[in-house]
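Residue strings, one per chain:
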Amino acid sequence: MAEKTSDTLDLRRAPPILHSMTQTALIVAHGAPADPAPAQVALEALATTVAGLLPGWRIAGATLAAPDALEEALAACPGALIYPFFMAEGWFTRTALPRRLTAAGATGLHQLPAFGTDPRLTDLVARAALQGAEAAGLTPKTTTLLLAAHGGKASPASAQATQALAARLAQRGDFAAIRVGFLEQEPFLADAARGLGAALCLPLFALRAGHLARDVPQALRDAGFTCPLLPAIGEHPDTPALIARALGAVQLPGRKALQSAGSVSILEAPSRSRQ
């Protein structure tokens, strides 16, 4: 007889979580150096949504690209938890961000793992892809899911995180195939997107900045890819809940743990029945 697993992870059933004495957090993203304002506005809106899921918390957002945004947010949120809204742990999270924090005099802050390393991201990506397929009238079992990611020659972090995510999605078996394409390394997106038949592309980016607004669509055009291009995973409506869950679950020495994080809940991807 089939046994169904719950589709909802409710924080009221989660282990004890942090109740910060300051209850402040700062979400930090890379942004777009050529045009920093739109990404900064988008990140501030995300921070506001996350704050609405964590009553009593003050959440700010700052991109590294927007002039003085990080420094001003740190001044407004002393002692904040730092949440890196990046798709992988790499140079930006391990070097650039800590360096900027130190330069701003913000030492001793707790930095969480990057957004792209959250164990719940697989379910979020699967859910976004399945929703996109349904909206486009595609049957997942006969559709290829193409993951578009940044990649990079200087560091393997982005590629490794993307390939690991692709492997987990393939294990789920929701789609006929999972393909990966990068902007800055092989396999390049323009090559990976060729000749796929029924497909849809999900960009593994945090914000709609330069790469997603310009480079991803151009690569798909170069490939003759005319299938649906979904919004960035960081723009999915369930992303704020994932971030709120990560912030609420932090436990630090000397800080009181609670049994609940108020109204925050994360909807998991549809579960397959188990025999």
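Residues numbered from 1 in each chain as written. Predicted model: local features only at pLDDT ≥ 70, side-chain atom pairs only at ≥ 80, totals over all residues. Heavy atoms only, no water.

J.: I keep staring at the sheet that holds strand β3 (residues 24-29) and nothing clicks. Help me out?
T.: Paired through backbone hydrogen bonds, the strands of a sheet run either parallel or antiparallel to each other. Reading across the sheet, the 3 strands line up as β4-β3-β5 and stay open at both edges, with parallel pairing between neighbours. Bordering the open sheet on either side are β4 (58-63) and β5 (81-84), each of which pairs with just one other strand. On average, each strand axis in the sheet is tilted by 25° relative to the strand beside it, whichever way the strands run. In this structure, β3 lies alongside β4, joined through 6 bridges in parallel fashion. What sits directly across from Thr-24, in β4, is Arg-58. Of the strands in this sheet, β3, β4 and β5 are in contact with helix α2 (residues 69-76), which crosses β4 at around 165°. Sheet contacts for helix α8 (residues 239-248): β3, β4 and β5; angle to β5, the most-contacted strand, approximately 140°. (Pairing = 2+ DSSP bridges. Helix = DSSP H or I, 4+ residues; strand = E, 2+ residues; numbered from the N terminus. Axes fitted to C-alpha atoms, helices over the stretch in contact; angles between N-to-C directions. Contact = heavy atoms within 4.5 Å.)

J.: Looking at this structure, how should I read the packing of helix α1 (residues 36-53) against α8?
T.: Two measures define how a pair of helices packs: the angle their axes make with one another and the distance between the axes. For the pair α1 and α8, interaxial distance at closest approach is 9 Å and the crossing angle is 60°. Overall, the two elements α1 and α8 adopt an arrangement that is oblique. Our pair here, α1 against α8, has a crossing hand that is right-handed. Across the interface between the two elements, Leu-46, Thr-49, Val-50 and Leu-53 of α1 pack against Pro-240, Ala-241, Ile-243, Ala-244 and Leu-247 of α8. (Parallel < 35°, antiparallel > 145°, perpendicular 65-115°, else oblique. Left-handed = near helix turned anticlockwise from the far one by under 90°.)

J.: So what exactly am I meant to see when it comes to α8 here?
T.: Residues spaced three or four apart along an α-helix point in a common direction, a consequence of the helix completing one turn every 3.6 residues. Most of α8 is tucked away: 10 of the 10 residues are buried. For α8, the full list of buried residues reads Thr-239, Pro-240, Ala-241, Leu-242, Ile-243, Ala-244, Arg-245, Ala-246, Leu-247 and Gly-248. (Buried < 20%, exposed > 50% of the residue type's maximum accessible area, 1.4 Å probe, protein only.)

J.: What is the right way to read the sheet that holds strand β7 (residues 177-182) from this model?
T.: Strand order in the open sheet formed by 3 strands is β7-β6-β8, with parallel pairing between adjacent strands. Looking at strand neighbours, the two that pair on one side only are β7 and β8 (199-203), the edges of this open sheet. Across the sheet, the mean angle from the axis of one strand to that of its neighbour is 25°, orientation sign disregarded. Contacting β6 (144-149) and β8, helix α4 (residues 121-136) crosses the sheet at an angle of about 140° to β8.

J.: Looking at this structure, how should I read the layout of surface pockets?
T.: A water-sized probe rolled over the atoms picks out the places where empty space is left. Within this model, the largest pocket holds a volume of roughly 930 Å³. If you go around the largest pocket, you meet 37 residues; those closest to its centre are His-30, Phe-86, Phe-92, His-150 and His-211. Looking at the lining of the largest pocket, the elements with two or more residues in it are α1, α3 (91-103), α5 (157-172) and α7 (210-223). Top element by residues in the lining of the largest pocket is α7. It accounts for 4 residues. (1 Å grid on protein atoms, 1.4 Å probe; cavity = no way out; pocket = protein on both sides within 12 Å on 5 of 7 lines; lining within 4 Å. Points joined across faces, edges and corners; volume = space filled by probe spheres on them.)

J.: Please clarify how the pattern of salt bridges should be interpreted in this entry.
T.: The final tally for this structure, using the stated rule, is 8 salt bridges. Put simply, Arg-208 and Glu-235 hold a salt bridge, and the shortest N to O gap is 3.3 Å. Linking Arg-208 in the loop between β8 and α7 with Glu-235 in the loop between α7 and α8, this pair joins segments that are 27 residues apart in sequence. Residue Arg-208 is classed as partly exposed on the basis of its relative accessible area, which comes to 45%. Salt bridges here are not isolated pairs; linked through shared partners, they connect Asp-123, Arg-172 and Asp-174. (Salt bridge = Lys/Arg side-chain N within 4 Å of Asp/Glu carboxyl O.)

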